[in-house]
Each structure stands twice: as C-alpha cells, then as structure tokens.
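Notes for the structure review
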Amino acid sequence: MDRLDVKLWALAEKGQIVPDRSLLKTLEQIAEIRKSADLNTAVLDHVAAHIKAGMSTAQIDKLVYDFTTEHGGIPAPLGYEGFPKSVCTSINNVVCHGIPSENEILVEGDIINVDVSTILNGYYSDASRMFKIGNVSERAERIVRVTQECVERGLKAAKPWGHLGDIAYAINTHAKKNGYSVVEEIGGHGIGLEFHEEPFVSYVTPKGSEMVLVPGMMFTIEPMINEGAPEFYVDEDNGWTVYTDDDGLSAQVEYMVLVKEKSVEVLTK
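Residues numbered from 1 in each chain as written. Predicted model: local features only at pLDDT ≥ 70, side-chain atom pairs only at ≥ 80, totals over all residues. Heavy atoms only, no water.

Some details on unusual backbone geometry
Phi is mostly negative for residues that are not glycine, and the peptide bonds are mostly trans. Note that the residue after Glu198, namely Pro199, is joined by a cis bond; omega there is 0°. Secondary-structure assignment places Pro199 in strand β8 (residues 197–201). Within the chain, His97 stands out as a residue other than glycine whose phi angle is a positive 65°. By the element assignment, His97 lies in the loop between β3 (94–96) and β4 (111–120). Residue His97 is classed as partly exposed on the basis of its relative accessible area, which comes to 28%. The backbone of Trp161 sits at a positive phi, close to 75°, despite the residue not being glycine. Counting through the fold element by element, Trp161 comes out in the loop between α4 (138–157) and α5 (164–177). (Helix = DSSP H or I, 4+ residues; strand = E, 2+ residues; numbered from the N terminus. Buried < 20%, exposed > 50% of the residue type's maximum accessible area, 1.4 Å probe, protein only.)

Considerations on a negative patch on the surface
Taken together, the side chains of Glu184, Glu185, Glu231, Asp245, Asp246 and Asp247 present a region of like negative charge at the surface. Relative to the helices and strands, Asp246 resides in the loop between β12 (242–244) and β13 (250–252). Residue class for Asp246 comes out partly exposed when judged on its relative accessible area of 41%. (Patch = residues over 30% accessible without salt bridge, like charges linked within 9 Å, V, L, I, M, F, W, Y side chains within 5 Å. Areas by Shrake-Rupley, 256 points an atom, 1.4 Å probe, with all protein chains shown as cover. Salt bridge = Lys/Arg side-chain N within 4 Å of Asp/Glu carboxyl O. Lys, Arg positive; Asp, Glu negative; His and termini not counted. Charge placed at Lys NZ, Arg CZ, Asp CG, Glu CD.)

Overview of the nonpolar core
Residues Ile167, Leu213, Met217, Phe219, Ile221 and Val257 are the most contacted members of the largest nonpolar core, which totals 37 residues. Mapped onto this core, the elements with two or more residues apiece are α1 (3–13), α4, α5, β9 (218–221), β14 (255–259) and β15 (264–266). Of the residues forming this core, the biggest block, 7 residues, is contributed by α4. Filtering out sequence-adjacent residues up to four positions away, Ile221 remains in contact with Val151, Gly154, Leu155, Ile167, Ile171, Tyr203, Val253, Glu254, Tyr255 and Val257. If you look at the next biggest cluster of nonpolar residues, it comprises 20 residues, including Leu44, Val47, Leu106 and Ile112. (Core = buried A, V, L, I, M, F, W, Y, C linked by side-chain atoms within 4.5 Å. Contact = heavy atoms within 4.5 Å.)

Re the pairing of β4
A large share of β4 lies buried, amounting to 10 of its 10 residues. Residue alternation in β4 divides its side chains into two sets, Ile111, Asn113, Asp115, Ser117 and Ile119 and Ile112, Val114, Val116, Thr118 and Leu120, and both sets are buried. Sheet topology note: the strand β2 (residues 88–91)/β4 ladder contains 4 bridges and is antiparallel. Residue pairing in the sheet places Cys88 in a bridge with Asp115 of β4. As paired strands, β4 and strand β5 (residues 123–132) are joined by 10 bridges and run antiparallel to one another. By the bridge assignment, Val114 is partnered in β5 with Arg129. Counted between consecutive antiparallel strands, the loop separating β4 from β5 contains 2 residues, among which Asn121 sits at a positive phi close to 55°. (Pairing = 2+ DSSP bridges.)

Here we look at the packing of aromatic side chains
Under the defined criterion, the tally for this structure stands at 4 aromatic pairs. Here Phe83 and Trp240 contribute two aromatic rings whose centre-to-centre distance is 5.0 Å and whose plane-to-plane angle is 85°, an arrangement assigned as edge-to-face. Linking Phe83 in the loop between β1 (74–75) and β2 with Trp240 in the loop between β11 (232–234) and β12, this pair joins segments that are 157 residues apart in sequence. Per residue, the accessibility class of Phe83 equals that of Trp240, and both read buried. (Phe/Tyr/Trp six-rings, centres within 6.5 Å; stacked < 30°, edge-to-face > 60°.)

Section: the pattern of salt bridges
Going through the model one piece at a time under the given rule, you end up with 12 salt bridges. Close ionic contact of Arg34 with Glu265 constitutes a salt bridge, the shortest N to O distance being 2.8 Å. A residue pair is termed long-range when its members are at least 10 positions apart, and Arg34 in helix α2 (residues 27–50) and Glu265 in strand β15 qualify at 231 residues. Given the relative accessible area of 30%, Arg34 is considered partly exposed. Notably, a salt bridge pairs Arg139 with Glu227, separated by 2.6 Å at the nearest N-O pair. In this pair, Arg139 sits in helix α4 while Glu227 sits in the loop between β10 (224–226) and β11, placing the two residues 88 residues apart along the sequence. For Glu227, a relative accessible area of 22% gives the class partly exposed. Three or more residues joined by partner-sharing salt bridges are found here, namely Asp2, Asp5 and Arg21.

Quick look at the structure:
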C-alpha cells in the first residue's frame, strides 16, 4: 500500500467518499487526454468563428464533424446511446441535449449552448460554451453572464483534498443570489478514459459533502442555470432534448478540469 492508498484508506475510515484508484489518471493518460482537450477547444473556437444569425443548427453540426474528423478525432456524441448528431445545440429554453436540425435556424436575440465532446486516440474530452446571437435582451445577457460567473466560482472553490460539494455550494449560492435555480437531476461527470465516468457531479449539494477531490481526478463543471424553476421535461418524440418546465431561459457553461497536487487546472478553457 503506497502513501496515497494509506491516505485514501484513512479518509474512508472517517466516512469520507473517496475515488476508486481507477478514477485517478496516470501521467501518461493525462498527456493523451490533454491532446483530446486541445482538439475539443479548437473545435469550439472554430464554431465561435462561424456561428451567426441565419445559420441552422445542422450547419453547426457539420462544422463540428468536419473539423473534428479532419484533425483525426471522432465526435463523441455521434451514435452515443443512439444520439444522432455530432454535437448538442441547446437554444433559449432548452436545458441540454438539443439535436441539431436543418429546420432550426438561429435568429438575432437567441442564446445557444454548443456542447462539444471529442475522442482522440481513444481519449475523451468535453466542454461547452454559450453564444449570444447578435443583440440579445437584457435578461438573456444576464443569465449567460451569471452562468459564467457560477462556473468560475465553482472552479475557485475546487481545491485538492476538498470536496465536490464545495464546488456545488459556490455555484448554487451564486445562482440563487441572482434569482436563478440550478438543475438538480442532471450534472457533471468524470471524463477522460470514457465519455461518462464516475463521479456524478451535483451542483446543489452542501459544502464539505460528496467525493474528496484527489489529485488525478478529472471531471466536468457544467451547471445548468434556469431563469425560473429547476424542473424540466424531456421531448417525447426524440427522447433527448431537455426543456425548462416553465419555458424560461436556461444557460450552461462547461469546463473539463484536472485535480493536481496543489491546484485544479481547466483543460478546456
């Protein structure tokens, strides 16, 4: 038993939730995952350079597919549990998992989350950004801004040997302070060797709760912030698209992070 195993065992004996050693990435794995994350970031930069009013979400999907495959990657969403496209495009009152369509055209005033996930040489990465299409309303601008602030506060609260609940508390507190709610049933996840790994990352749990943040862990910080209530429903026809229950706006920003010995690094910022 090495020193890390001893420390994890001692924490577990005290009732702390600790990650299985299989969730802690090796230096070799981290190096490869970084390459995937770099490509994922480049894909989002490519979308940022082209997204505009009048564009269909199917065109965004093509941008993502073409750029990813031209650079040796595979769009992780494509075919995942039956998902039909290469990227998720979630507009206005769509919380997440919006399916690109030729019939869905961006118009001035829209806000849209573009969620890109990439496989490169068998390693996974995942991140999303909010885009404002032209001039948006004050309420749309505000929820996008506050969502970004929530993620930054969650990141600041993330410390090696702290807890996932520290991140959740920082995010939930800032969202509520600004009159928003945080979606409870959908959260972040481990990432790197698989698309979705343990742990589930909640954004509504108390400070000091949930899994200990151990160096080598890798996961996403991706709260979904709703203008109104946190409740949602899933499109019955496609089984994927998640809408706000009250038709209010929703926004999401996603970082993929690595817990290091003395800090937490954003791999996709």
